[in-house]
Amino acid sequence: MKPRKLREDVYWVGAVDWDRRLFDELIPLPDGTSYNAYLVKGSKKTALIDTVDSSMTNELFDNLGQLGVDDIDYVVANHGEQDHSGTLPRILKVYPNAKVMSTPKGKDLLKHLLLIPNDRIVAVEDQATLSLGDKTLQFIHAPWVHWPDTMLTYIREQEILFTCDLFGSHLATSDLLVTDEPTVFEAAKRYYAEIMMPFRTIIERNLEKIKDLSIELIAPSHGPVHNRPEFIIEAYKEWVYGPPKNTVVLPYISMHDSTKKMVDYFVATLVDRGITVKQFNLSRTDIGKLAMALVDAATIVVGSPTVLAGPHPNVVYAVYLANALRPKTKFASIIGSYGWGGRTVEQIKGMLSNLKVDLLEPVFIKGFPKKEDFTALDRLADEISNRHKTNNLL
Ligand code: FEO
């Protein structure tokens, strides 16, 4: 990919990673990703906003070379995570006059994670400005989207907001700008679910902080640039503030079909009551899809057999993740089966401590489901339906 002109004297100089399929050795990337870096040429000074993952160092330098960039005065490090700062040490070697601009917390992280010398980093205060001549950069602290160090950078004269991870999407595309909103919506929702959702209440404050900014472009550091900022801002508002939907997310696993039989019956029962169900077989599910489903589901019901006196390990993994992602889910329950005993229900309950949910009476049975067990599942479906109706989650 060559450098791409975004606005007058503002260029995308990042790298598209078409082949990456896993991030943090945890998060599936079905559509690859990009590491967006931006060059801003003022009439007096030049700034680079973020760098790229160290695996893409050559792409960044190729782009800077094609633009004939002999000197960089400032490197704005909106965020210290290595997918954006990985090439920073090399940039500072090649451009010895460059100073890094970051938040005070960012400065500390860059020193420890990238071993950047203290005297190369300038810690900027919230709302501080930096003149590049005919362009002014404004730094807006936005902690916890998704690390404590994060900030946004705004070019006042051109109304471009560089948001690093916030409003981003793991999406490899040759399009500089958003051209296909449904595709970007899907990727951005996945990104929000996996990266941002645990910080929902803090994002509320950060959205508040930028609500009066006039924004023409939102330029994140993953995925395409938003040329219709209201599209992504409204999507975030819905994910962050919107009430959960009349949906049950049902991650489950079954070894000998007892739990599967319960799941099949229970799903049909919920559907009969007008509830949308998103069912995930944890032996083969994309964990990102499960995270996305949790963004706006009112209820999570976990289905597990009993293995070695506790939940199946795949269920433990999924419940741990759901608990860490802190969705706005309001109700939870557990269904499943055991052979001769165990503490599956207690252990799953104990792992949901971060969620502000009402725990509804589990249906946890011995062996294969029988008539009375199906009746108990009917009761649980009725309870979920009533709770959704009482809370106007329709
Ligand atoms: Fe894209 Fe938090 O790094």
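This one's a predicted model, so the numbers in the text were calculated from it and none came from an experiment.

Enquirer: Looking at this structure, how should I read the domain arrangement of the protein?
Expert: Domain annotation of the protein identifies domain 1 (4-241) and domain 2 (245-387). The gap between the C-alpha centroids of domain 1 and domain 2 is 38 Å. With 15 residues of domain 1 at the interface, the matching set in domain 2 holds 16 residues. When domain 1 packs against domain 2, the two sides together hide about 1400 Å² of surface, and 58% of this comes from carbon and sulfur. Contact with domain 2 buries area across many residues of domain 1, yet K189, R190 and M197 alone supply 36% of it, more than any other trio. One salt bridge in this structure joins D296 and K189, with 3.0 Å as the shortest N-O distance.

Enquirer: Where do I start with the sheet that holds strand β10 (residues 99-102) in this structure?
Expert: Strands pair in a sheet through their backbones, by hydrogen bonds, and they do so in one of two ways: parallel or antiparallel. Strand order in the open sheet formed by 7 strands is β1-β2-β7-β8-β9-β10-β11, and the pairing between neighbours is mixed. The sheet is open, and its two edges are formed by β1 (4-7) and β11 (121-123), each paired on a single side. Here the strands of the sheet are splayed against their neighbours by 25 degrees on average, with no regard to which way each runs. When strand β9 (residues 74-76) meets β10, the two strands line up parallel, connected through 3 bridges. Bridge assignment links V75 to a residue of β10, and that residue is V100.

Rules used in this analysis
Residues numbered from 1 in each chain as written. Predicted model: local features only at pLDDT ≥ 70, side-chain atom pairs only at ≥ 80, totals over all residues. Heavy atoms only, no water. Domains from an automatic or database assignment. Contact = heavy atoms within 4.5 Å. Buried area = accessible area lost by both parts, 1.4 Å probe. Salt bridge = Lys/Arg side-chain N within 4 Å of Asp/Glu carboxyl O. Pairing = 2+ DSSP bridges. Helix = DSSP H or I, 4+ residues; strand = E, 2+ residues; numbered from the N terminus. Axes fitted to C-alpha atoms, helices over the stretch in contact; angles between N-to-C directions.

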